Protein chains: 2
Amino acid sequence: MKEVQLRIPATIANIVCGFDVLGFAVNEPYDEITLRISDRPGIRIHHTDGYGLPEDPALNVAGVSLQAFIKELGTDTGFDLEIHKNIKPGSGLGSSAASAMGAVAAANIALGNPFNHSRLLYFAMQGEKVAGGVAHMDNVAPCLLGGVTVIQSTDPPDAISIPAPELQVTIVHPQIEVKTSDSRKIIKKEVPLKSAITQWSNVASLVAGFCTSNYQLISKSLHDVIFEPTRSMLIPGFAEVKAKSLAAGALGGGIAGAGPSMFMFSTELETAQRVEKEMQSVYEKLGVEYKTYITTLKKTPLI
Amino acid sequence: MKEVQLRIPATIANIVCGFDVLGFAVNEPYDEITLRISDRPGIRIHHTDGYGLPEDPALNVAGVSLQAFIKELGTDTGFDLEIHKNIKPGSGLGSSAASAMGAVAAANIALGNPFNHSRLLYFAMQGEKVAGGVAHMDNVAPCLLGGVTVIQSTDPPDAISIPAPELQVTIVHPQIEVKTSDSRKIIKKEVPLKSAITQWSNVASLVAGFCTSNYQLISKSLHDVIFEPTRSMLIPGFAEVKAKSLAAGALGGGIAGAGPSMFMFSTELETAQRVEKEMQSVYEKLGVEYKTYITTLKKTPLI
């Protein structure tokens, strides 16, 4: 296959209590990429979006991921990659993961699937390292596997997509900048044992809630006692969005990845729409530009 | 109903990585209790085993649990309780939880089920406080609910039994004393964030492994990077039992609760029997008295 076109989903890491471990994919927004195999060695990247991302492969997350892919392949295959991003960089919606994972997934399809999921995750993580300073896996895993994912280990990369019920997802992206690297800096290196136990109690219950389609258990488990109290301070309107969304009937939610976007789960579309209205009213009042999405859990794998 | 007889299962808390949160019930060993409603107010406890436990209700975990039950009931109902323990106190196999939960479960049946599971867990936790200094829930929850349990919250008590596949369980109880209160003392009050993340990654994967009957995932997730490294030092032969059990084909396992018992999961009875032989050989060589059990996950609730 000489040309591959793919839609790459936005993803939301952590799912409130599962820092660095849980994540999920959504049906919107998504990036669009076209990858062509070329007789000319090397990687050429062209962005058709307006985000001004670097097109030098050594500085571009998709480029770095493809370089890792090519290195392990051991050939001098050339790639022309056209990327149209709809997932805004720095939104907390897995924009860099989409670029990284999209590129290697498309390359893998184009070359007849030489690599398994674990290796594809590894390549994409090399791109994530360029974007966030850490080769984290909690966006690339749901981007590739779909649904709700649990990371079992990062070395070697090992993640699974677990059963999950239908979920409506309302997202608000206040148009402020919170860099993942900054958001990681404010995290303490030690946590009180008591908080850690509360956290893995919620993680265990949340995973059980997804696996058994128990909405009530999902709702009760969406609490983060370690990161949200500090990270949420970087996001204007966070507390109000959360309180009003829950009052409007959302199951729960919180910061999307490192923020500044926030997400809320609901069981019904009507609830998700009420939640969107509450989110809009908060940022209208604060005078902060924002964008909202109503979408659903994307359950299918990328490849 | 004037008289209730119950078999109360042994339970194993933590399941390696889920400290204070996960637990499971087994079919053997079990305690046997007989509870009779009496016209004479007060609680009278008689032990037919040889463990020399206190029979004063204020000092006995079953007695304290029943007192909490009676207090909330608001009547002066009297109980005669006969306990025959097969679960040795201080074994790490939920002996105190069996006494506590057994007594209140029997009382609830005898009186026509005035209380729900959450309240019964609360009463039994009052008994656990007498035994271990902490009102922990990770033995009483599987004792009552059966199967593999996840604690969602302790106040109010809220736990669920999650789906789980058939599992063989081999247990060895080296006849040394490790008090739960001592075993808790050596735990640090702060944990490195990195270890906490590894722990909740394993907890998430283990719960997903149980819920989806994925033995490989269960096996990969049975690791404890926080407590086992220190707690296992209190148990002679721990490292050897673990290594030889895994080599014999066990899925994984570790310390039962606060120890000194250890457990290993296997998929097949033959493997569980090979694991038992390895455990026996370790303690024969060390010259430590021991007792072994081969049993299975008890999937039914107590009431």
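Above this text you will find the structure in question.
First things first, this report covers the structure right here in the doc. Nothing here was measured: the structure is a model prediction, and the numbers come from that model.

## Quick look at the overall build of chain A
- Looking only at helices and strands, one finds 10 helices and 11 strands in chain A.
- For 303 residues, the compact-globule estimate of 2.2 N^0.38 gives 19 Å, and chain A sits close to it at 19 Å.
- Taken along the three principal axes of its C-alpha coordinates, chain A extends 60 × 40 × 35 Å.
- Expressed as a percentage of the 303 residues in chain A, the buried residues total 55%.
- Considering only contacts in chain A between residues 6 or more positions apart, those separated by 24 or more positions represent 71%.

## Description of unusual backbone geometry
- Cis rather than trans, the peptide bond between A:Gly259 and A:Pro260 has omega equal to 5 degrees.
- Residue placement: A:Pro260 occurs in the loop between strand S9 (252–255) and strand S10 (262–266).
- A cis amide bond links B:Glu28 with the next residue in sequence, B:Pro29, at an omega value of -5 degrees.
- Topologically, B:Pro29 is positioned in strand S2 (residues 22–38).
- If you check the backbone angles, B:Val16 has positive phi at about 75 degrees while not being a glycine.
- Checked against the element boundaries, B:Val16 lands in the loop between strand S1 (3–13) and S2.
- On the basis of neighbour count, B:Val16 is assigned to the buried category, with 24 C-beta atoms found within 10 Å.
- In this structure, B:Ser213 takes a positive phi of about 50 degrees despite not being glycine.
- As for its placement among the helices and strands, B:Ser213 is situated in the loop between helix H6 (193–211) and helix H7 (215–221).

## Remarks on the interface of chain B and chain A
- Taken together, the contact pairs 33 residues of chain B with 33 residues of chain A.
- Those elements that place two or more of their residues in the side of chain B that touches chain A are strand S5 (148–154), strand S6 (157–162), strand S8 (190–192), H6 and H7 of chain B.
- Looking at the side of chain B that touches chain A, the element that brings in the most residues is H6(B), giving 12 residues.
- The residue inventory of the side of chain B that touches chain A, partitioned by class, reads 21 nonpolar, 7 polar and 5 charged.
- As paired strands, strand S8 (residues 190–192) of chain A and S8(B) are joined by 3 bridges and run antiparallel to one another. Bridge pairing in S8(B) places A:Glu190 opposite B:Pro192.

## Here we look at the relation of the copies chain B and chain A
- For the pair chain B and chain A, the best superposition has an RMSD of 0.0 Å and corresponds to a rotation of 180 degrees with a translation of 0.0 Å parallel to the axis. A rotation of that kind, with that shift, is consistent with a two-fold axis.
- A share of 100% of the interface residues of chain B reappears at the interface of chain A, consistent with the copies meeting face to face through the same patch.

## Describing the pairing of strand S4 (residues 78–84) of chain A
Residue and element names in this part refer to chain A.
- Only one face of S4 is buried: it carries Phe 79, Leu 81 and Ile 83, and the other face, with Gly 78, Asp 80, Glu 82 and His 84, is open.
- The pairing of strand S3 (residues 42–47) with S4 spans 6 bridges and is parallel. Bridge pairing in S4 links Arg 44 to Asp 80.
- Regarding the hand of the β-α-β motif, the stretch spanning S3, helix H1 (residues 61–73) and S4 is left-handed.

## Looking at the pairing of strand S7 (residues 168–174) of chain B
Residues and elements named next belong to chain B.
- Where burial is concerned, most of S7 is hidden: 7 out of the 7 residues are buried.
- The two faces of S7 match: Gln 168, Thr 170, Val 172 and Pro 174 on one face and Val 169, Ile 171 and His 173 on the other face are all buried.
- With 5 bridges connecting them, S7 and strand S10 (residues 262–266) associate as antiparallel partners. When the sheet's bridge partners are listed, Thr 170 is paired in S10 with Met 264.

## Some thoughts on the sheet that holds strand S7 (residues 168–174) of chain A
Residues and elements named next belong to chain A.
- Spatial ordering of the open sheet is given by S9-S10-S7-S11, a layout of 4 strands whose pairing is antiparallel. Looking at the sheet topology across the chains shown, the edges are occupied by S9 and strand S11 (290–296). Strand-to-strand twist of the sheet, defined as the mean angle between neighbouring strand axes without regard to direction, takes the value 15 degrees.
- Pairing geometry for S9 and S10, over 4 bridges, is antiparallel. Residue Gly 252 lies in a different strand from S10, and its bridge partner there is Phe 265.
- Of the strands in this sheet, S7, S10 and S11 touch helix H10 (residues 269–286), which is tilted by about 10 degrees from S7.

## Things to note about the packing of helix H1 (residues 61–73) of chain B against helix H3 (residues 117–132) of chain B
Residue and element names in this part refer to chain B.
- Where H1 meets H3, the axes come as close as 7 Å, and the angle between the chain directions of the two elements is 140 degrees. In terms of axis orientation, H1 runs oblique to H3. Two packed elements cross with a definite hand, and for H1 against H3 that hand is right-handed. Across the interface between the two elements, Val 61, Ala 62, Val 64, Ser 65, Ala 68, Phe 69 and Glu 72 of H1 pack against Arg 119, Phe 123, Ala 124, Gln 126, Gly 127, Glu 128, Val 130 and Ala 131 of H3.
- Here the contact of H1 with H3 is composed, by residue class, of 9 nonpolar, 3 polar and 3 charged.

What counts and how
Residues numbered from 1 in each chain as written. Chains lettered and ligands numbered in written order. Predicted model: local features only at pLDDT ≥ 70, side-chain atom pairs only at ≥ 80, totals over all residues. Helix = DSSP H or I, 4+ residues; strand = E, 2+ residues; numbered from the N terminus. Rg over C-alpha atoms; globule rule 2.2 N^0.38 Å. Buried ≥ 20, exposed ≤ 12 C-beta atoms within 10 Å, placed from the backbone. Contact = placed C-beta atoms within 7 Å. Nonpolar A, V, L, I, M, F, W, Y, C, P; charged D, E, K, R; others polar. Pairing = 2+ DSSP bridges. Least-squares fit on C-alpha atoms with pLDDT ≥ 70 in both. Right-handed = clockwise from strand over helix to strand, strands pointing away. Axes fitted to C-alpha atoms, helices over the stretch in contact; angles between N-to-C directions. Parallel < 35°, antiparallel > 145°, perpendicular 65-115°, else oblique. Left-handed = near helix turned anticlockwise from the far one by under 90°.

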